[in-house]
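# Close look at the chain arrangement
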Amino acid sequence: MFLSVVAAFVLTLPACSQAGNETKGGGPVILMSTSLGDVKIELFEKEAPETVKNFLAYVNDKFYDGTIFHRVIAGFMVQGGGMTPDMQQKKTKPPIKNESSNGLKNDTYTLAMARTSVPDSATSQFFINVKNNDFLNKASAQDGVGYAVFGKVIEGTDVVDKIEKVTTGRGDVPTEPVVIKSVTVVASEKK
């Protein structure tokens, strides 16, 4: 089963907000090493405590190591965090509460949780927005819930851009796997 960030991708999207989530400073920072390069992401622990705790539990368990970006839609997002290179879904922990009401927006280079059509169904899969996706924010979401942002790329946006541009086939799956080699915490919250 794929966790989808939207049930159906609609070609006529509402106008997108141009305001970005600024780097918050002080949150944990993770290094995601991929087959296309490294990405550093600051996690917004104060705004999305349960989501960050859940994500870090997967990081500490080395769950993401060897998974792939299994869904890439140019001009929208790149999704990973749950599938092996042979497209097998990994066993996850129980789903978490959706923290989409935290005031953070699905803007370019933000990290958000993927989920099914059930609001509180996010487990391990995440996506990186490659543009401002206002329609995924709680205030604009068709389901009135939206998708919980919990981090932002602070280094390696060029790598995210490379991932966005890979050739995809059926189901928006890259034809050549984009492997997440490892995800590690490189900086803890500053007290």
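This write-up is about the structure you can find in this document. (Residues numbered from 1 in each chain as written. Predicted model: local features only at pLDDT ≥ 70, side-chain atom pairs only at ≥ 80, totals over all residues. Heavy atoms only, no water.)

### A word on the sheet that holds strand 1 (residues 29–34)
Strand order in the closed barrel made by the 8 strands is 1-2-7-5-6-4-3-8, with antiparallel pairing throughout. If you compare each strand with its neighbour and ignore which way they point, the axes differ by 35° on average. Note that strand 5 (residues 110–113) and strand 7 (residues 149–155) share 3 bridges and pair antiparallel. Residue pairing for strand 7: alanine 112 is matched across the bridge by valine 149. Sheet strands in contact with helix 1 (residues 49–60) are strand 1, strand 2 (37–43), strand 5, strand 6 (126–129), strand 7 and strand 8 (179–187), and its direction is about 115° off that of strand 8. (Pairing = 2+ DSSP bridges. Helix = DSSP H or I, 4+ residues; strand = E, 2+ residues; numbered from the N terminus. Axes fitted to C-alpha atoms, helices over the stretch in contact; angles between N-to-C directions. Contact = heavy atoms within 4.5 Å.)

### Digging into the pattern of salt bridges
Under the defined criterion, the tally for this structure stands at 2 salt bridges. One salt bridge in this structure joins aspartate 61 and lysine 93, with 2.7 Å as the shortest N-O distance. Taken as a pair, aspartate 61 in the loop between helix 1 and strand 3 (67–73) and lysine 93 in the loop between strand 4 (77–80) and strand 5 lie far apart in primary sequence, 32 residues in all. You can call lysine 93 partly exposed: its relative accessible area is 31%. Salt-bridge contacts for aspartate 143 lead to arginine 115; the nearest nitrogen and oxygen are separated by 2.5 Å. (Salt bridge = Lys/Arg side-chain N within 4 Å of Asp/Glu carboxyl O. Buried < 20%, exposed > 50% of the residue type's maximum accessible area, 1.4 Å probe, protein only.)

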